[in-house]
Amino acid sequence: FAAGDQRHPDEKFAIGNLVADLVKPGMTVILDGGSTTYAVARLLAGKHLQVITNSLPIASLFGEIGHTETIVTGGSIYSRLGVVLGPMCEDFFAQVHADLAILGGAGITENGVWNHNALIVAAQRKMIASAERTIFALDNSKFGRKALSLTTPFETRFTIGTDTRPTPAVARAIHTAGAKLTLAS
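Residues numbered from 1 in each chain as written. Predicted model: local features only at pLDDT ≥ 70, side-chain atom pairs only at ≥ 80, totals over all residues. Heavy atoms only, no water.

Some words on the pairing of strand S12 (residues 180-183)
As paired strands, strand S11 (residues 158-162) and S12 are joined by 4 bridges and run parallel to one another. Bridge pairing in S12 links threonine 162 to leucine 183. Considered for its hand, the β-α-β crossover made up of S11, helix H7 (residues 168-176) and S12 is right-handed. (Pairing = 2+ DSSP bridges. Helix = DSSP H or I, 4+ residues; strand = E, 2+ residues; numbered from the N terminus. Right-handed = clockwise from strand over helix to strand, strands pointing away.)

Structure below.
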């Protein structure tokens, strides 16, 4: 996790600002693990929110701040990213509702958003199902990259928040699905 937090810091900060501006006080927000979602979390720290997360670094961040009610899922720790995964995590998300899920990914193509671990993909699918809307916070290093599994194709209730316009094929696929593409300035 710490190594990923140091790659593309300017892009992650710009995306973090973009996504944090879309989060309104009083919302219930799901945040998954990863360095870009952690960048978002740092910028949400001053807002009064209810946060649901499977990320230990994000839970620790919000645990130090008094403005946010933080709920952490159960499950087994995947130490490389500091996230909690597995059947207990998935069962938890099947029982909750959120206004918004903010997720990362290992890649984005015209097929949708990809991730590198089947347990992460399973947890993210449950997070998406639990939320009214989902924002994928993805920097340009993810463009054109596939990973082990397609987490999800684009859907109408998705926003892709990124720092650079993706390839025309990806932008077209996002638009055709009715999803929204939002660029950080």
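Further notes follow.
Examining helix H4 (residues 56-63)
Side chains of residues three or four places apart in an α-helix project in the same direction, reflecting 3.6 residues per turn. For H4, the complete set of buried residues consists of Ile58, Ala59, Leu61 and Phe62. End-on view of H4: buried residues confined to an arc of 160°, all on one side of the axis. On the buried face of H4, the contacting elements are strand S1 (28-31), helix H3 (35-44), strand S2 (49-53) and strand S3 (68-72). (Buried < 20%, exposed > 50% of the residue type's maximum accessible area, 1.4 Å probe, protein only. Arc of directions from axis to C-beta. Contact = heavy atoms within 4.5 Å.)

Thoughts on the packing of aromatic side chains
If you walk through the whole model with that rule in mind, you get 2 aromatic pairs. Ring centres 5.5 Å apart and planes at 85° place the aromatic pair phenylalanine 92 and phenylalanine 93 in the edge-to-face group. Here phenylalanine 93 falls in the buried class, since its relative accessible area comes to 1%. Taking 5.4 Å as the distance between ring centres and 75° as the angle between the ring planes, the aromatic pair formed by phenylalanine 136 and phenylalanine 158 counts as edge-to-face. Taken together, the residues span a long stretch of sequence, with phenylalanine 136 in strand S9 (residues 131-137) and phenylalanine 158 in strand S11 at a distance of 22 residues. Given the relative accessible area of 0%, phenylalanine 136 is considered buried. For phenylalanine 158, a relative accessible area of 1% corresponds to the buried category. (Phe/Tyr/Trp six-rings, centres within 6.5 Å; stacked < 30°, edge-to-face > 60°.)

Keep in mind these values describe shape, not function.
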